[in-house]
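Survey of secondary and tertiary structure
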Amino acid sequence: MDRLIFHVDVNSAYLSWEAARRVAEGGEDLRLIPSAIGGDPEQRTGVILAKSIPAKRFGVQTGEPVAQALRKCPNLVLARPDFSYYRRRSAEFVAICHEYAPVVERASIDECYLDMSTTPHRRNPLPVAGQLKDAVRDRLGFTVNVGIGPNRILAKMASDFEKPDKVHTLFPEELAQKLWPLPVRALYSVGASTAARLERADIHTIGQLAAADLARVQAAVGVKLGLQIHRSAQGEDDSPVS
């Protein structure tokens, strides 16, 4: 039986959750201004854990020091993280996912996989994906992206397309148009150092990685990782959702 997998990912989770709380309390929506979650706002220490789209336009990046982000964007509004609150919001989001799928696997605090293979939606998954996305937005006050594919890797890649509050598909017949033109560093599990090694081997796009000889890929990045990313680039992944 063909599989149908959803990957549901909260858009800029920590910032979205903090923004939704402030809006509910009558405050400003952090998603609409240059803002970020991270560190100690008074001491200007720590790192950026999440940033708004307006902050991204100033070059603010997740993982960079707060002080560096403030140099890029002096008017950046910073909020201290509240992890106990984030865990509660995460549980609410996952509970909605359980309403739509018989099998839900939490991948992290802000993302999960849904195995929809045994549901009536296999032939037409877009309407139910839209319903799930809208249910999270309307009931919880923050947005998610839903990626749809025949396996985990393609659903994961689809959910990372245009954001926020979107549903995207990535099926085998869509690889040439949607996946293969992307830079190799956009492939899930290809980090900066792996991408650099592939680029030195003249492999610059996911399509070039998919078409490359496996031995050439493994010579560049190692046997185990080479096999994994080569299969991912070709859209292959048989790992279960559990």
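Not measured: the values here are computed from a predicted model.

Attention shifts here to the side chain of Asn11. The topology assignment puts Asn11 in the loop between β1 (5-10) and α1 (13-24). A polar atom in the side chain of Asn11 sits 3.2 Å from the side chain of Asn145. At a separation of 2.9 Å, a polar atom in the side chain of Asn11 contacts the main-chain amide nitrogen of Asp165. Filtering out sequence-adjacent residues up to four positions away, Asn11 remains in contact with Ser16, Thr143, Val144, Asn145, Lys163, Pro164 and Asp165.

Let us look at the nonpolar core. Core analysis: the biggest nonpolar cluster contains 34 residues, and Phe6, Val8, Phe93 and Leu114 have the highest contact counts within it. Of all the secondary-structure elements, those providing two or more residues to this core are β1, α1, α4 (83-98), β6 (111-115), α5 (126-140) and β7 (144-149). In contact with Val8, not counting residues within four places along its chain, are Phe93, Cys97, Asp110, Glu111, Cys112, Leu114, Leu132, Val144, Asn145 and Val146. Listed in part, the 23 residues of the second largest apolar core include Leu154, Phe161, Leu175 and Leu198.

Taking 1.5 Å per residue, 16 residues should reach 22 Å; α4 reaches 22 Å between its end C-alpha atoms and fits that length. Buried within α4 we find Tyr85, Tyr86, Arg89, Ser90, Phe93, Val94, Ile96 and Cys97.

What follows deals with the pattern of salt bridges. A pair can form between side chains of opposite charge whenever their charged atoms are brought close. All told, the structure shown has 20 salt bridges when counted by the stated rule. Measuring nitrogen to oxygen at the nearest pair gives 3.2 Å for the salt bridge that ties Arg21 to Asp82. Taken as a pair, Arg21 in helix α1 and Asp82 in the loop between β4 (77-79) and α4 lie far apart in primary sequence, 61 residues in all. Residue Arg185 is joined to Glu199 by a salt bridge in which the shortest nitrogen-to-oxygen separation is 3.0 Å. With a gap of 14 residues between them, Arg185 in the loop between α7 (175-179) and α8 (192-200) and Glu199 in helix α8 connect regions that are remote in the sequence. Classification of Arg185 by relative accessible area gives partly exposed; the value is 41%. For Glu199, a relative accessible area of 27% gives the class partly exposed. Overlapping salt bridges, with partners in common, bring together Lys133, Asp134, Arg137, Asp138 and Asp165 in one network.

A few words on the packing of α4 against α5. Here α4 crosses α5 at 140°, and the two axes come no closer than 10 Å. For the element pair α4 / α5, the angle class is oblique. Crossing angle aside, the handedness with which α4 passes α5 is right-handed. On α5, the residues touching Arg89, Glu92, Phe93, Ile96 and Cys97 of α4 are Leu132, Ala135, Val136, Arg139 and Leu140. Of the residues that constitute the contact of α4 with α5, the class distribution is seven nonpolar, no polar and three charged.

All told, the structure shown has seven aromatic pairs when counted by the stated rule. Each ring, one from Tyr14 and one from Tyr86, has its centre 4.6 Å from the other, and the planes form 10°; the classification is stacked. A residue pair is termed long-range when its members are at least 10 positions apart, and Tyr14 in helix α1 and Tyr86 in helix α4 qualify at 72 residues. Tyr86 shares its class with Tyr14; the two are buried. Measuring from ring centre to ring centre gives 5.8 Å for Trp17 and Phe142, while their planes differ by 80°; the resulting arrangement is edge-to-face. Of this pair, Trp17 sits in helix α1 while Phe142 is found in the loop between α5 and β7, placing the two residues 125 residues apart along the sequence. Accessibility classification places Trp17 together with Phe142 in one group, the buried group. By the ring-pair criterion, three or more aromatic residues cluster together here, those being Tyr14, Trp17, Phe83, Tyr85, Tyr86 and Phe142. Over the face of the ring belonging to Tyr85 we find Arg21, whose NZ or CZ atom lies 3.9 Å from the ring centre. Stacked on the ring of Tyr113, the Lys or Arg Arg152 has its end atom at 4.1 Å from the ring centre.

What counts and what doesn't
- Along each chain, numbering runs from 1 in the same order as the chain's sequence is written.
- Per-residue local features are limited, in this predicted model, to residues with pLDDT of at least 70; the limit for side-chain atom pairs, both in listing and counting, is 80 or more; totals at the level of whole chains, interfaces and linings are taken over all residues.
- Where side-chain values are given, they derive from all heavy atoms of the structure, hydrogens and water being excluded.
- Numbering goes from the N terminus for both helices and strands, where a helix is a DSSP run of H or I of at least four residues and a strand is a run of E of at least two.
- For this analysis, a polar contact is any N or O atom pair within 3.5 Å, provided that within protein one partner can donate a hydrogen and the other can accept it, and provided that sequence-adjacent residues contribute only side-chain to side-chain pairs.
- Here, residues are in contact when the closest pair of their heavy atoms is within 4.5 Å.
- Residues belong to a common nonpolar core when they are buried Ala, Val, Leu, Ile, Met, Phe, Trp, Tyr or Cys residues joined through side-chain atoms within 4.5 Å.
- Remark: exposure states derive from per-residue accessible area (1.4 Å probe, protein chains only) relative to the maximum for the residue type, with buried under 20%, exposed over 50%, and partly exposed in between.
- By this rule the span expected of a helix is its residue count minus one, scaled by 1.5 Å.
- Just to be clear on terms, a salt bridge is a Lys or Arg side-chain nitrogen sitting within 4 Å of an Asp or Glu carboxyl oxygen.
- Axes here mean lines fitted to C-alpha atoms, for a helix over just the part in contact, with angles spanning 0 to 180 degrees between N-to-C directions.
- Just so you know how the angles are binned, under 35 degrees is roughly parallel, over 145 roughly antiparallel, 65 to 115 roughly perpendicular, and the rest oblique.
- Handedness of a crossing follows from how the near helix is turned relative to the far one, being left-handed for an anticlockwise turn of less than a right angle and right-handed for a clockwise one.
- Under the scheme applied, nonpolar residues are Ala, Val, Leu, Ile, Met, Phe, Trp, Tyr, Cys and Pro; charged residues are Asp, Glu, Lys and Arg; polar residues are all the others, including Gly.
- Here a pair means two rings of Phe, Tyr or Trp (six-membered ring of Trp) with centres within 6.5 Å. Their orientation is stacked below 30 degrees between planes, edge-to-face above 60, and tilted elsewhere.
- Sitting over a ring, as applied to charges here, requires NZ of Lys or CZ of Arg to be within 6 Å of the ring centre and within 35 degrees of the ring normal.

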